[in-house]
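Examination of the molecular architecture
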Amino acid sequence: MVKSLSTLEALFAKKTPKSAELYESGKEFMPGGAMKSLGYNPPLYMNRASDCYMWDVDDNKYVDWINNACAMILGHSPKGVVEALDNIVHNGIVFGAPNNFEKAIAEHITKRIPSIERVRFTNSGTEALMNTIRLCRAYSGKPKIAKFEGGFHGTTDDAEVSIAPSIDTAGSDEAPNAVPEYLGINQSTVDNVVVLPYNDSEAVDLILRENKDDIAAVLYDPKAGNYDIPHEFVRFVAEKCKELGIIFVMDEVKSLRVAYGGYQELAGVDPDLTTLGKLVGGGMPVGAFGGKKEIMDMMDQTKGYKMSSGGTYSANPMTLAAGLAHMEGATPEVYAHLKILGDRLAKGMGDVFSKSDIPVQILHRDNITSAHLTPDPVRNYRDILKFDKEMRRRLMLGMLLEGQYARELQEMTVSSPMTTATIDDFLGALEKVVHDKG
Ligand SMILES: Cc1ncc(COP(=O)(O)O)c(C=O)c1O
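Criteria and thresholds
- Residues numbered from 1 in each chain as written.
- Predicted model: local features only at pLDDT ≥ 70, side-chain atom pairs only at ≥ 80, totals over all residues.
- Heavy atoms only, no water.
- Pairing = 2+ DSSP bridges.
- Helix = DSSP H or I, 4+ residues; strand = E, 2+ residues; numbered from the N terminus.
- Near = heavy atom within 4 Å.
- Polar contact = N/O pair within 3.5 Å; in protein donor to acceptor, adjacent residues only side chain to side chain.
- Areas by Shrake-Rupley, 256 points an atom, 1.4 Å probe, with all protein chains shown as cover.
- Expected span 1.5 Å × (residues − 1).
- Buried < 20%, exposed > 50% of the residue type's maximum accessible area, 1.4 Å probe, protein only.
- Contact = heavy atoms within 4.5 Å.
- Phe/Tyr/Trp six-rings, centres within 6.5 Å; stacked < 30°, edge-to-face > 60°.
- Lys NZ or Arg CZ within 6 Å of the ring centre and 35° of its normal.

This part is about the pairing of strand β2 (residues 53-56). Note that strand β1 (residues 46-50) and β2 share four bridges and pair antiparallel. Bridge pairing in β2 places M46 opposite D56. As paired strands, β2 and strand β3 (residues 61-64) are joined by three bridges and run antiparallel to one another. Each bridged residue has a counterpart across the sheet, and for M54 the counterpart in β3 is Y62. Here β2 folds back onto β3 in antiparallel fashion, the turn holding four residues, of which D59 has a positive phi close to 65 degrees.

Right under this line is the structure:
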């Protein structure tokens, strides 16, 4: 049996007094005391990181399975990225003018992801989505966007609909309601969002057909390593969009980490537009969006600034140089290494849980792995709701106490400095926590 929640919380508090102090004092200056609390309460404040390790402000060492929300693929402070940043830092940092990294990284992206013929840069994945949504409306002349229930596309109003709605507001399985995620989102925005269910081709067909004259684009979050969605499903959605004259947008902000050419390469789809972020910045804030030139060329300012994706720091040299170094370092060989590690992790976690009485679904896509604490298959957002919240927290705290920063065993990622020994250490720790061999 896993230790009780109260025991684990007491042990965690004893190990992390400086985090608790920062949290208490920070509350005076920031709502909630910290930005990225990620369910740790009090939050865990990190101080430094190197390779696949992080140290908190109490100098506890952790193996990092989160990698800044899946962004870092080469671990912390990879050499090429540090050299690229070092060079820019001494040469002006940022200029209000085009710079010589733009073409290089744009060329890299278009060669790496063949569906992207032209690309633009922003400061976050959210901004990439924001610009993409507007571009789709402008290109199609249609007002609405469609997204999947449970899909996440950043924090712009149009995207923050039906990410994790309460089940009493969410409507039927086949025709989910559009539910604003937060207060302050206008009803007029919500009215322009159509919500689709994952893994239900018949329902998707019906909803898209009924709304095809109003829907500019379908945004698709692959939920890689999170929901069990066969490739046939995304191929179906992409084909349906083509048939009905709807722009198909693949959101690869996170999923570019699962394959060299992104999830679209794994699934064999050719999206009209793709959004990117995270690993494309190599640790610097970034977003990018791109795709077919007939759509992207609406952004061409030489044709009269009908569409803009401006921003003081958009395409800044630090981000682009770090991003290019990170992307060039994330070679197909690195992806192959990560897949070996990810497969070993997922299989090992399954083995550990199978010897316990904790029901679990291990969801795994190459180098992203989640352990959902539910006995039933996880095919959509509603299936996730059934998980055991208390056990999830107990496992999270237990693993933190073992020096494993694995959040709630959700969207765990491997990085290139890891080896099979890193995986086996994690599995040993999990075994210890699950069977309370402490
Ligand atoms: C699929 C997806 N789209 C968009 C975003 C938003 O990116 P950002 O956090 O850079 O705004 C995220 C962030 O996690 C994401 O996972």
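Turning to the site of the ligand, a few remarks are in order. Around the ligand lies a shell formed by S124, G125, T126, F152, H153, G154, D251, V253, K254 and K278. The separation between an oxygen atom of the ligand and a polar side-chain atom of T126 is 2.7 Å. At 2.8 Å from an oxygen atom of the ligand is found a side-chain nitrogen or oxygen belonging to K278. Protein contacts shield 82% of the accessible area of the ligand, which totals 390 Å² for the unbound molecule.

For helix α9 (residues 231-244), spanning 14 residues, the distance from its first C-alpha to its last is 20 Å, which sits close to the expected 20 Å at 1.5 Å a residue. H231, F233, V234, V237, A238, K240, C241 and L244 are the residues of α9 that are buried. Residues of α9 that are buried sit in contact with β5 (144-148), α8 (201-211), β7 (215-220), β8 (247-251), α10 (263-267) and β11 (361-365). G245 sits one or two residues past α9 and shows a positive phi near 70 degrees.

Taken as a whole, this structure holds 11 aromatic pairs when the rule is applied. Geometrically, the ring pair formed by F148 and Y198 is stacked, given 4.7 Å between the ring centres and 25 degrees between the ring planes. Of this pair, F148 sits in strand β5 while Y198 sits in the loop between β6 (193-196) and α8, and the two are 50 residues apart along the sequence. For the pair formed by F148 and Y198, the shared burial category is buried. Here the aromatic rings of Y198 and Y227 are separated by 5.4 Å at their centres, their planes lie at 90 degrees, and the arrangement is edge-to-face. Separated by 29 residues along the polypeptide, Y198 in the loop between β6 and α8 and Y227 in the loop between β7 and α9 bring together distant segments of the chain. Assigned by exposure class, Y198 and Y227 land together as buried. Among the aromatic residues, those joined into a cluster by ring pairs are F148, Y198, Y220, Y227, F233 and F248. Sitting above the plane of the W55 ring, R48 keeps its charged end 4.3 Å from the centroid. Note that R112 overlies the ring of Y260, its terminal NZ or CZ placed 3.9 Å from the centroid.

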